[in-house]
Protein chains: 2
Amino acid sequence: MARYEIRLSGFGGQGLIFAAIVLAEAAGTHDGKYVCQTQSYGPEARGGASKAEVVISDEEIDYPKAIKPDLLLAMSQKSCDAYFFDLKPSGMLIVDSTFVKQLPTSRAIAIPFTRIAREKLGKELGANIIALGALAALSGAVSLSSLEAAVLSRVAEGAEEFNRKALELGIECAGDTLKMSAEVAEVEDYEDSSDQ
Amino acid sequence: MARYEIRLSGFGGQGLIFAAIVLAEAAGTHDGKYVCQTQSYGPEARGGASKAEVVISDEEIDYPKAIKPDLLLAMSQKSCDAYFFDLKPSGMLIVDSTFVKQLPTSRAIAIPFTRIAREKLGKELGANIIALGALAALSGAVSLSSLEAAVLSRVAEGAEEFNRKALELGIECAGDTLKMSAEVAEVEDYEDSSDQ
């Protein structure tokens, strides 16, 4: 992978800087890639939409910020609205459908991370880690084993099980998304063949 | 301040990424400056010396990484050796003298942050926050009130008092350093006047 740009966005308190650091350490320390991880403050935080970025590359990184993200995670409507237009045309948009109700494209992957955290983990706090699991599984930007190692090395003592479960939930969500598109694809194939 | 570059360096586990994020939030969110905060992984981490950077500016920031730091905090001998030569000639070097025994310049400000944390806070964990307090007081890069607000908004519930105390210790250290240089200056003045 020459250069892969990831932007994690949402509102303050969702743990997106933490998620970005974990992602960077998974790719850098565990997968052995070149990685830069940044956050910016100031007018760049468009209308309350906060972001943290990770640039991953097999080669040395000249410019450390995302220019045209390959992957955008939007965990709030505001951040989705603010950052969608920066996404590469072929890029992947993953949204937290707990908060993002208006999708800018039909290709968006919508998963209710925060609702899942609330219902399956008992608190919303784990939504960022669920999102990381889904993002890694869907994009392949980092290996799942590296991601798990990075998460576990960063979380507070005693919180390992909670975070491991959050990661698993995220990977499960990603699997469900793929199954859904496979079903859609099957239906489309069927329609295609009936046209012949 | 047109552009002020800070590099926090040491070994993994010293909480330097956390310190950099707090510093960035103090300058960005609370002081209203433009701020970029980065960390890089890969061969850039020279020989186990890890670093996190904060660039603060009154103007929009074009390049988000430190080019010639104005301030280097080195909390290990390795990071001091690796990064001292990047420092601006007029830059400020602050070292944790618990670990840095060989100073590359007589102008280094040496404070045993980790030893102070161990002796005054009962655990080494607070050394990064003590260092932040000293760094802010000595450099004026962020206001102390903003730094306190940023620290308290980022630490875990229940850890506020520990971290407030750590900050105060850092500011106290900075004061002692200044007093020392003032005493040296007085002695020098005295010698100067005796020469006349």
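That block above? That's the structure.
Bear in mind the structure is a predicted one, so any value in this text is a computation, not a measurement. Sequence positions are assigned chain by chain, starting from 1 and proceeding in written order. Naming scheme: in the order in which they are written, chains are lettered from A and ligands are numbered from 1. With the structure being a predicted model, the display of local features is reserved for residues of pLDDT at least 70 and the display and counting of side-chain atom pairs for 80 or more, all residues being used for whole-chain, interface and lining totals. In computing side-chain properties, one takes all heavy atoms of the structure into account and sets aside hydrogens as well as water.

**Quick word on the overall build of chain A**
Then step 1. Counting secondary structure elements, chain A contains six helices and six strands.
Then step 2. Going from N to C terminus, chain A has its helices and strands arranged as β-α-β-β-β-α-β-β-α-α-α-α.
Then step 3. The globule rule is 2.2 Å times the number of residues to the power 0.38, and the radius of gyration it is compared with is taken over C-alpha atoms. Relative to the compact-globule value of 16 Å for 196 residues, chain A shows a C-alpha radius of gyration of 17 Å, a close match.
Then step 4. Seen through its principal axes, chain A has C-alpha atoms that stretch 55 × 40 × 35 Å. A helix here means a DSSP run of H or I that spans at least four residues, while a strand means a run of E at least two residues long, and both kinds are numbered starting from the N terminus.

**What about the interface of chain A and chain B?**
Then step 1. Pairs of residues are marked as contacts when any of their non-hydrogen atoms sit within 4.5 Å. Each partner contributes to the interface: chain A provides 23 residues, whereas chain B provides 23 residues.
Then step 2. Salt bridges are defined as contacts in which a side-chain nitrogen from Lys or Arg sits within 4 Å of a carboxyl oxygen from Asp or Glu. If you look at where chain A meets chain B, you find zero salt bridges.
Then step 3. Think of a polar contact as two N or O atoms within 3.5 Å of one another; within protein, one of them needs to be a possible hydrogen donor and the other a possible acceptor, and neighboring residues in sequence only count if both atoms come from side chains. Counting the contacts that link chain A with chain B gives eight residue pairs in polar contact (both at pLDDT 80 or more).
Then step 4. Here the element with the most residues in the side of chain A that touches chain B is strand β2 (residues 34-41) of chain A; it accounts for eight residues.
Then step 5. Within the side of chain A that touches chain B, the residues separate by chemical class into 10 nonpolar, seven polar and six charged. Lys, Arg, Asp and Glu make up the charged group, whereas Ala, Val, Leu, Ile, Met, Phe, Trp, Tyr, Cys and Pro make up the nonpolar group; the residues left over, Gly among them, are polar.

**Describing the packing of helix α4 (residues 127-139) of chain B against helix α5 (residues 144-154) of chain B**
Residues and elements named next belong to chain B.
Then step 1. Axes, fitted as lines to C-alpha atoms, cover a helix only where it is in contact. Angles between the N-to-C directions of the axes lie from 0 to 180 degrees. Orientation of α4 relative to α5, taken along the N-to-C sense of each, is 160 degrees, at an axis distance of 10 Å. Taken as axis vectors, α4 and α5 run roughly antiparallel relative to one another. Crossing handedness for the pair α4 and α5: right-handed. Mapping the contact onto sequence places I129, L132, G133, A136 and A137 in α4 and L144, L147 and V151 in α5.
Then step 2. Of the residues in the contact of α4 with α5, the class split is seven nonpolar, one polar and no charged. Angles below 35 degrees are treated as roughly parallel, those above 145 as roughly antiparallel, those between 65 and 115 as roughly perpendicular, and all remaining angles as oblique. What makes a crossing left-handed is the near helix being turned counterclockwise from the far one by less than a right angle; a clockwise turn instead makes it right-handed.

**A short note on the sheet that holds strand β1 (residues 4-10) of chain A**
Then step 1. Pairing between strands is defined by DSSP: at least two bridges between them are needed. Spatial ordering of the open sheet is given by β6(A)-β5(A)-β4(A)-β1(A)-β3(A)-β2(A)-β2(B)-β3(B)-β1(B)-β4(B)-β5(B)-β6(B), a layout of 12 strands whose pairing is mixed. Two strands close off the open sheet at either side, each with one partner strand: β6 (109-111) of chain A together with β6 (109-111) of chain B. Strand after strand, the sheet turns through a mean of 15 degrees between neighbouring axes, direction not considered.
Then step 2. Where strand β1 (residues 4-10) of chain B meets strand β4 (residues 71-74) of chain B, four bridges bridge the pair, whose relative direction is parallel. Pairing of R7(B) across the sheet is with L72(B), part of β4(B).
Then step 3. Sitting on the sheet, helix α3 (residues 113-121) of chain A touches β4 (71-74), β5 (92-96) and β6 of chain A, and the angle it makes with β5(A) is about 45 degrees.

**What to know about the state of the cysteines**
Then step 1. Our working definition of a disulfide is a cysteine sulfur pair at a distance within 2.5 Å. For the structure on display, the rule yields zero disulfides over all chains.
Then step 2. Take C36(A): it sits in no disulfide, and the sulfur closest to it among the cysteines is that of C36(B), at 12 Å.
Then step 3. C173(B) provides the cysteine sulfur closest to C80(B), a residue in no disulfide bond, and the two sulfurs are 18 Å apart.
Then step 4. Partly exposed describes any residue whose relative accessible area lies between the buried limit of under 20% and the exposed limit of over 50%, with all areas from a 1.4 Å probe on protein chains only and scaled to the type maximum. Classification of C80(B) as buried rests on a relative accessible area of 1%.

**Overview of helix α3 (residues 113-121) of chain B**
Residues and elements named next belong to chain B.
Then step 1. Within the sequence span of α3, burial applies to F113, T114, I116, A117 and L121. Buried residues of α3, seen end-on, are gathered within an arc of 160 degrees and therefore sit on one face of the element.
Then step 2. The first or second residue beyond α3 is G122, which carries a positive phi of 85 degrees. Comment: arc refers to directions from the helix axis out to C-beta atoms.

**Re the pattern of salt bridges**
Then step 1. A complete count under the given rule lists 24 salt bridges over all chains for this structure.
Then step 2. Two residues, D70(A) and K88(A), come together in a salt bridge whose shortest N-O distance is 2.6 Å. Of the two residues, D70(A) sits in the loop between β3 (50-57) and β4 while K88(A) sits in the loop between α2 (77-83) and β5, which places them 18 residues apart along the sequence.
Then step 3. One salt bridge in this structure joins D58(B) and K33(B), with 3.1 Å as the shortest N-O distance. Of this pair, D58(B) sits in the loop between β3 (50-57) and β4 while K33(B) sits in the loop between α1 (16-30) and β2 (34-41), and the two are 25 residues apart along the sequence.
Then step 4. On the accessibility criterion, D58(B) (40% relative accessible area) is partly exposed.
Then step 5. Through salt bridges with shared partners, one network takes in R7(A), K51(A), E53(A) and D86(A).

The values reported here are purely geometric and, on their own, carry no functional implication.
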